[in-house]
Structure formats: structure tokens, C-alpha cells
Amino acid sequence: MCGIVGYIGPKNSVDIIVSGLHRLEYRGYDSAGIALCQGRDEKLLVIKTPGKISDLETAIRAAFAGKEARNYTLGIGHTRWATHGAPTRENAHPHVSRNGQFAIVHNGIIENYAELKARLIKKGFVFASETDSEVIAHLIEECYVGDLRGAVAAAIEKLEGAYGIAVISSKHPDTLVAVRKGSPIVVGICDGETIVASDVSAIVNYTKRVIFLNDGDILTATADSVEIASIKNVPVTREMTHIDWDIRDIEKGGYAHFMLKEIHEQPATIANALRGRLIESEGTAKLSGMLMGPSDMARIDRVSIAACGTSYHAGMVGKYLFEDFASIPSEVQQAAEFRDRNPIIQRDTCLIAISQSGETADTLAAVREGHQKGAVVMGICNVVGSTIAREAGRGVYLHAGPEIGVASTKAFTSQVTVLTMMAIALARTRRLSVNAGREMIQQLAKLPGIAEQVIAQESVIIKIAEKYADMRDCFYIGRGYMYPAALEGALKLKEISYIHAEGYHASELKHGPIALLEKTVPVIALVPNVPGKIKTMGNMQECKARHSPVIAIATEGDRDIESLSEDIIRIPPCPEFLAPIPAVIAEQLLAYHIARLRGCSIDQPRNLAKSVTVE
Ligand code: G6P
């Protein structure tokens, strides 16, 4: 979704902002722009364009053509993912106020913009865009009485909704102001310069020392100082976070796409999720971020999981794990629905919010609702310092490193790995014996090797992808632990290849979707050698009888499925509770190669965003 970068310091802000915007491209966007301070009280220079950052760079070169090179030491930039108004030049950010001296970039949604806009128009302000964001620039000009921070504070008091905003004004060429409520803003602390952004990726090239603003914080930065205060101008102190990954982690490292790199990273990222957490001698896992001893864990009598997209599918696996091993009644729901349907939360309900980015608006709303209703709230996040991680207050990090491809891959396998460890830890405070726990721990430790073996099947998967790359529709089926894997396989394929794909419980196929089966509609059957296999084989028969080619994802050496399958992708033998991981890795590779053969924009699929910060 939208991205923000702002810079103040001795260097040319154009270069730093544009390279920061490139780092944020992965989030998904459809227009971009930059505003620069040309000198005190002068009009700000604004360059913006629909399309890609490369289009913005062309526009910048054109704007500067023939002009004397100069150093713009203060500027802000933005990538916009259209919500209010089409992705046009006018709707792109930054937006400037009437006098051209105040510019803003905004992430989030201003819910009361229509009434604010109507009032401002009556006062003579002229709007250039259809966005909700433009009101902010005009409000700041309206509230300005000599103090930029004060004007921003007064303006945001009038706003309802969610925002991360960066502001510059030519009246204050040495000041950059930023504010957050619901949409992240992070400040990079460097010597003699300050960078703000909506995402650490835009900053990590310059510094590893960052501060995340809290909701309600207003940042006033110069090149050498950073002050954070509340809206009422009461100074606050925020902890410095050290980023433990570097720029190489957000580069492709020789792979054609980030998605492929991230698929291949999984043996290492799963190992990172496990590192230091398996206590084999005690047959349990130690997850210190849960902030719970065995007696606290023993008190949990219900688990409620809230998440979106791929994280929701990981949550489904989590529900099976908590019920199977810890015997805790569990439910999983799409995060938006969690809040919309007023769920029942009791004192010992543990709400687990799963989010790779830690910024998904619906999942964040579920966290807040969970706290409000008195649940024990836990986050499973990848991005350190993200809003959900902080607001949950306790939980487990994935340590998978930055995930740049919009289609989530390594986060899923790490989420399932973490959920398995949580289930074991909870189960050990109940009926799971030390020996049974030890066996599970030993199986878990084999996961990186299992992931490696699936990736070694890539050449087989490429051949299958070549055969089916032209299909228009397909189904994924599975049962038990393979059901969420079927949903995830279909999601992966549709996200990046735009093929219509649907995941179904293998048995549910006959209650409607079977009407669509014919020889041009393949079915991908998740049928490893785990309980339920025989029944799914029956469902494969049903598909075969309707002439649908069946692609099986099956266990190495299993010959039972051969007569039912047109093609087979083999995964190593493993217990049922771990099988979603190798099955999903095989699906990721299949989706990737089909999308590649179709020439799709794999890392930034159309209409999708990496981090969805609107509800
Ligand atoms: C977006 C992404 C998905 C992701 C979902 C949840 O829709 O495109 O890949 O699964 O958000 O994101 P989260 O960061 O909360 O896991």
C-alpha cells in the first residue's frame, strides 16, 4: 500500500527519497510523487505521475532538464495505492495547500474528509484532486500561525480516521514534521540528517537505528535533532530499535524475482523460526515472548485466531494444531469478521493475531477489540516493531527477514512453524507426555531439510507448470491439515497468475463446484500419505470421471495415487501435522512458474498490496 519517505539533511533529498520509494515499491502502488523545498517562502516544487517510480524518475529528469543542478535538502515523497480517486497525476501525492507552501504525503484514510472539504471550499480553498488526503494540506495552511508543528497538531485534531503523514513547508526549510495515528511512521537516526518513512526498508541503507512513532505522536525533525511530542506538545520518549537485517536482505541476490528468492529461503527461514526455541530434553518449545509460564498456559481455555489472507490460512492450521495436541477449543476467523460479529471472549481466551507485516488494518482492529474484551492477546508477526507486534504486547516473531514479494511465501511456513511450537508448549501443560513432545520436537527439527527436498523438485514442477500454464480455471482439494493448504495453493495461483483458482475441502467439491469440472479444468489434489488419503483418493476418482486432469501432491514412493493422477509432485514423508509446509512450498513453486510462463508481474501483481492498511 501507500509508502512515505521524507528527508532533511545536507545531501540531495531527491536521490534519497527516490531510492527510498524504490524500496517501498513492493508494497504495491499505482502513482508516485515528490515535493521539494526550493527556498524559504518559495512555492514547493512538486513532481508527480501515475505509474511506476521509473515514470517519476523520467518526470523528474524532464523537470530539471536545462536547469542548474541544485541541492534540495528538504523533501517528501510518496507511492500511492488508489482508494479515493483513480491513479492520476492530480490524485497522486504530495498534495500542496492553496499557497503552494505546505505539502503533505498521507497513508491511511480520512473518514470525515467530505465535510472538511465542503467547509474549506466555502472558505475559498480550491481542490485539485478527488482524494481524502488533500484536505490535510489545506487544513495545515488554515491553522498556520507561525509554527509548523502547532499547525499540524491543530489540523489533525480535526481529522477522523487513520493516518501516517509527513509534512514540509517552505516557511520552515529546516524542519520536517510527521505524525501517526494507525498508519506507521518510522524515523531513522543518522548523524547530521534525518529520514522518515512508513517502512524500515526505505531507511535501512542509511541507518539501523530507528524509532517507531506511537499513535498520537508528532515528530519534529531537523537535520540534527529529533523531537517527539504529543498533540498537546508534551514531550515523549520512544525507545530506539536496532534493525537486525541489512540491505542485501531486500535485494534479489541473483534470483529473477523476490518471490522465487523467498521460496528458496525457506529452509533457512524455518530454521530461524526454530532457532533456540526447541527444548528437546523437556519435549517442549520455549517462546519467551509469550510471557507465560506453564501455569499461565494451563489456564488458557480457548484460542481465537484472527488474521487475513495467507496468514489466515496459517491460522487454520493453527486451529487444528491447538485442538489436536493441546485439546483447547479453537476458532479461526478472518480478522475483519472478528470485529464485525462481536465475538465471545472470556477471561482465559487467548486471541492470536497473525500478521506478516504487523500492519494489516483488520488484524490490528481485532487486536484492539481483543484487548477491549479482556483477552490474553498475542501477536505472531514478522516485522519487528510493527504496530500489531507492539500493541499485542506479547507474542512470537518469525525472524524470516523482510518479505518483499506481495504473495506471501516464507512468512506462511514460518507462521505454521511458530504455531506448531506454541501448540506443543500449550500441550505440554496438558496431556502431551514428555516423550510424545520430544518426538514432535524431533520431527519439527527436520523441517528445514524437508523444505530443502521439496525445493529440489523444482525442475519437475517447472515441467508440470509448462503443461498447465494456459489453463483458465482450476481447483485445489484437500482434507484435514491439507484443507488450509488447498486454500493457500489456490490463493497463491490466483494472486500471481490471474488464473481463476478455488480451494475446497476435498469432500465439499461434490456439493456444487463439481458441476464445473471438465477436461480443461485441472484439479490439484493434496494427497500425501496421511490420514484421510484414501478418502481424498475417492474424490480424485470423482474428478477423473469428469475428465479433469488431476495433479497430485503426494508422498515420495507412494504408488497408490499413480493411476489417479495425470502428474505428480513428490514431497518427503512427514507426519500429518507438518505436511502443510512441504505441500505449500510445492504449491508456491507451481504458482510461481505458471505465473512466470504467463509473463505476469510476479512481485507486484495487479491490484494487490503487500500490507493492507485500510479496513
Ligand atoms: C495482503 C497480502 C497478502 C497477505 C495479507 C495479510 O492481502 O497481499 O499476501 O497474506 O495481506 O497480510 P499480513 O501482513 O497481515 O500477514
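Cut-off values and rules
Residues numbered from 1 in each chain as written. Predicted model: local features only at pLDDT ≥ 70, side-chain atom pairs only at ≥ 80, totals over all residues. Heavy atoms only, no water. Axes fitted to C-alpha atoms, helices over the stretch in contact; angles between N-to-C directions. Helix = DSSP H or I, 4+ residues; strand = E, 2+ residues; numbered from the N terminus. Parallel < 35°, antiparallel > 145°, perpendicular 65-115°, else oblique. Left-handed = near helix turned anticlockwise from the far one by under 90°. Contact = heavy atoms within 4.5 Å. Nonpolar A, V, L, I, M, F, W, Y, C, P; charged D, E, K, R; others polar. Near = heavy atom within 4 Å. Polar contact = N/O pair within 3.5 Å; in protein donor to acceptor, adjacent residues only side chain to side chain. Areas by Shrake-Rupley, 256 points an atom, 1.4 Å probe, with all protein chains shown as cover. Pairing = 2+ DSSP bridges. Expected span 1.5 Å × (residues − 1). Buried < 20%, exposed > 50% of the residue type's maximum accessible area, 1.4 Å probe, protein only. Phe/Tyr/Trp six-rings, centres within 6.5 Å; stacked < 30°, edge-to-face > 60°. Lys NZ or Arg CZ within 6 Å of the ring centre and 35° of its normal. Lys, Arg positive; Asp, Glu negative; His and termini not counted. Salt bridge = Lys/Arg side-chain N within 4 Å of Asp/Glu carboxyl O.

The subject of this paragraph is the packing of helix H7 (residues 266-274) against helix H13 (residues 410-428). Remark: H7 packs on H13, axes separated minimally by 9 Å, with the N-to-C direction vectors making an angle of 30°. For the element pair H7 / H13, the angle class is roughly parallel. In this structure, H7 meets H13 at a crossing whose hand is right-handed. Between H7 and H13, the residues in contact are Gln266, Thr269, Ile270, Ala273 and Leu274 and Lys410, Thr413, Ser414, Thr417, Val418 and Met421, respectively. Of the residues assigned to the contact of H7 with H13, the class counts are 5 nonpolar, 5 polar and 1 charged.

Turning our eyes to something else, we now look at the site of the ligand. By nearness alone, 14 residues border the ligand, and Ser311, Ser355, Gln356, Ser357 and Thr360 come closest of all. Contact distances for the ligand include 2.5 Å between an oxygen atom and a side-chain N or O atom of Ser311. For the ligand, an oxygen atom lies 2.5 Å from a polar atom in the side chain of Thr360. Burial of the ligand by the protein chains amounts to 90% of its free accessible area of 390 Å². Per-element accounting of the shell around the ligand gives the leading share, 3 residues, to helix H9 (residues 309-326). Of the residues in the shell around the ligand, the class split is 4 nonpolar, 8 polar and 2 charged.

If you walk across this open sheet you meet the 6 strands as E5-E6-E7-E8-E12-E13, and the pairing is antiparallel. Edge strands, defined here as strands with exactly one partner in the open sheet, are strand E5 (95-96) and strand E13 (226-229). Pairing between strand E8 (residues 176-181) and strand E12 (residues 218-221): 4 bridges, direction antiparallel. By the bridge assignment, Ala178 is partnered in E12 with Leu219.

Before going further, it helps to spend a moment on helix H11 (residues 361-372). Here H11 is 12 residues long and its end C-alpha atoms lie 16 Å apart, about the 16 Å a rise of 1.5 Å per residue gives. The buried count for H11 comes to 9 of 12 residues, which makes it a mostly enclosed element. Buried within H11 we find Ala361, Asp362, Thr363, Leu364, Ala365, Ala366, Val367, Glu369 and Gly370. Of the surrounding elements, those touching the buried residues of H11 are strand E17 (302-307), helix H10 (335-340), strand E19 (349-355), strand E20 (376-381) and helix H12 (387-392). Just past H11, the residue Gly374 takes up positive phi, approximately 85°.

Between H13 and helix H19 (residues 580-597), the least distance of the axes is 10 Å, while the angle of their chain directions is 175°. One element, H13, and the other, H19, form an angle in the roughly antiparallel class. In contact with Phe412, Thr413, Val416 and Thr417 of H13, H19 contributes Pro580, Ile581, Val584 and Ile585.

This brings us to the packing of aromatic side chains. A full pass over the atoms with the stated rule returns 5 aromatic pairs. Ring geometry for Phe325 versus Phe577: centroids 5.2 Å apart, planes at 70°, classification edge-to-face. Here Phe325, found in helix H9, pairs with Phe577, found in the loop between strand E26 (567-571) and H19; they are 252 residues apart in sequence, far enough to count as distant. Residue classification places Phe577 among the buried residues on the basis of a relative accessible area of 8%. A cation over a ring is seen here: Arg606 above Tyr498, with NZ or CZ 3.8 Å from the ring centre.

A separate point is unusual backbone geometry. Omega for the bond connecting His93 with Pro94 falls within 30 degrees of zero, at 0°, which places this linkage in the cis form. You can see Pro94 is positioned in the loop between strand E4 (74-80) and E5. Although it is not a glycine, Asp41 adopts a positive phi angle of roughly 65°. Within the fold, Asp41 resides in the loop between strand E2 (31-36) and strand E3 (45-50).

Glancing now at the pairing of E12. Neither face of E12 is left uncovered, since the one carrying Ile218 and Thr220 and the one carrying Leu219 and Ala221 both have all their residues buried. In this sheet, E13 lies alongside E12 in antiparallel orientation, the contact comprising 4 bridges. The partner of Ile218 across the bridge, within E13, is Ala229. Counted along the chain from E12 to the antiparallel partner E13, the turn is 4 residues long.

Moving on, we come to the side chain of Arg149. Tracing the backbone through its elements, the reader meets Arg149 in helix H5 (residues 148-156). Buried charge without a salt bridge: Arg149, with Asp147 as the nearest opposite-charge side chain at an N-O distance of 5.5 Å. A distance of 3.1 Å separates a polar atom in the side chain of Arg149 from the backbone oxygen of Ser230. One polar contact links the side chain of Arg149 to the main-chain carbonyl oxygen of Ile231, over a distance of 3.2 Å.

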